[in-house]
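Single-letter residue listing:
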Amino acid sequence: MARLTIRTWPDPILRTQAEPVEDFGPELSDFVDDLLETLHASGGIGLSAPQVGDRRAVMVMDLSENHTDPRVLINPEILEGSRRAWVEESCLSLPGVEGRVIRDTWLRVRALDRAGEPFETELEDMHAVCVQHEVDHLEGRLFIDRLPTLRRLWTWAAVRMRRSGR
Ligand code: NI
């Protein structure tokens, strides 16, 4: 396994639509292991392939305290969602930025596992929020795009200032 480098804004791959996975060979499985290792080393709860410079529609998440609940979703598709709420988010690709966005806290999701087998699952609370955040990444979106307008302008200005070291 290998730890991968996490890309940060404004890397253009963060604005790129991911491509559906079609090849479920051993290379994919190795990549999924690398993504999980990178996630666990980062202290985050979710990570998508574009964040490590790969255009495949792959995401991983682990909300356990001891890295005991790794979940892998390939070509994930949100079938339905409900129970909207304001939630606090941050992102490994936007270090130091936090914001409150509206998300569904219940989801039904379809995806493939690393062997290419389809499955459906119902997710609640932070699992549901995390999947929406990572599916956004697979579609080239960042959570700050979802902030209310004034808050978004202010946050982008703060991100740019932080990057330029002022
Ligand atoms: Ni993120």
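Quick summary incoming for the structure in this document. What you see is a predicted model, and the numbers here were worked out from it, not measured in a lab. (Residues numbered from 1 in each chain as written. Predicted model: local features only at pLDDT ≥ 70, side-chain atom pairs only at ≥ 80, totals over all residues. Heavy atoms only, no water.)

Broken down by element type, the protein chain carries 3 helices and 5 strands. Moving toward the C terminus, one meets the helices and strands of the protein chain in the order α-β-β-β-β-β-α-α. Taken over C-alpha atoms, the radius of gyration comes to 15 Å for the protein chain, in line with the 15 Å a tight globule of 166 residues would show. Long-range contacts, defined here as pairs at least 24 residues apart, represent 63% of the contacts in the protein chain between residues at least 6 apart. Working note: accessible area of the protein chain is about 8,800 Å², and carbon and sulfur atoms make up 48% of it. (Helix = DSSP H or I, 4+ residues; strand = E, 2+ residues; numbered from the N terminus. Rg over C-alpha atoms; globule rule 2.2 N^0.38 Å. Contact = heavy atoms within 4.5 Å. Areas by Shrake-Rupley, 256 points an atom, 1.4 Å probe, with all protein chains shown as cover.)

Our focus in this paragraph is the side chain of His 127. Inspection of the secondary structure puts His 127 in helix 2 (residues 125-138). Among all residues touching His 127, those that are not within four sequence positions of it are Met 61, Leu 63, Asp 69 and Arg 71.

Applying the stated criterion across every chain yields a total of 18 salt bridges. Via salt bridges that share partners, Glu 89, Arg 103, Asp 136, Glu 139, Arg 141 and Arg 146 belong to a single interconnected network. (Salt bridge = Lys/Arg side-chain N within 4 Å of Asp/Glu carboxyl O.)

In a perfect tetrahedron of four donors around a metal, the angles come out at 109.5 degrees. In a perfect octahedron of six, they are 90 or 180 degrees. The nickel ion binds to the protein through Cys 91 (SG), His 133 (NE2) and His 137 (NE2); the donor distances cover 2.1 to 2.2 Å. Positions of the donor residues of the nickel ion, expressed as sequence spacing, correspond to C-x41-H-x3-H. Of this pair, Cys 91 sits in the loop between strand 3 (71-90) and strand 4 (98-112) while His 137 is found in helix 2, placing the two residues 46 residues apart along the sequence. (Donors = N, O, S within 2.8 Å, 3.2 Å for Na, K, Ca; no water.)

Looking now at helix 1 (residues 26-42). With 17 residues, helix 1 should cover 24 Å at 1.5 Å per step; its first-to-last C-alpha distance of 24 Å lies within 8% of that length. Of all the residues in helix 1, the buried ones are Leu 28, Phe 31, Val 32, Asp 34, Leu 35, Leu 36, Thr 38 and Leu 39. If you follow the buried residues of helix 1, they end up packed against strand 1 (46-48), strand 2 (58-61) and strand 3. Gly 43 sits one or two positions beyond helix 1 and adopts a positive phi of about 80°. (Expected span 1.5 Å × (residues − 1). Buried < 20%, exposed > 50% of the residue type's maximum accessible area, 1.4 Å probe, protein only.)

Each pocket or cavity is described by its volume, and for the largest pocket that value is around 250 Å³. Broken down by secondary-structure element, the contributors of at least two residues to the lining of the largest pocket are strand 3 and helix 2. In terms of residue count, helix 2 provides more of the lining of the largest pocket than any other element does, 6 residues in total. Considering only residue class, the lining of the largest pocket consists of 6 nonpolar, 6 polar and 3 charged. (1 Å grid on protein atoms, 1.4 Å probe; cavity = no way out; pocket = protein on both sides within 12 Å on 5 of 7 lines; lining within 4 Å. Points joined across faces, edges and corners; volume = space filled by probe spheres on them. Nonpolar A, V, L, I, M, F, W, Y, C, P; charged D, E, K, R; others polar.)

Counting 15 residues, the largest nonpolar core has Val 32, Leu 35, Val 58, Val 60 and Ile 74 as the members making the most contacts within it. Elements that contribute at least two residues to this core include exactly helix 1, strand 2 and strand 3. The element that contributes the greatest number of residues to this core is helix 1, accounting for 6 residues. Leaving out residues up to four positions away in the same chain, Val 32 has contacts with Val 58, Val 60, Val 72, Ile 74 and Arg 114. Counting 14 residues, the second-largest nonpolar core is a separate cluster that includes Leu 14, Leu 94, Phe 143 and Leu 147. (Core = buried A, V, L, I, M, F, W, Y, C linked by side-chain atoms within 4.5 Å.)

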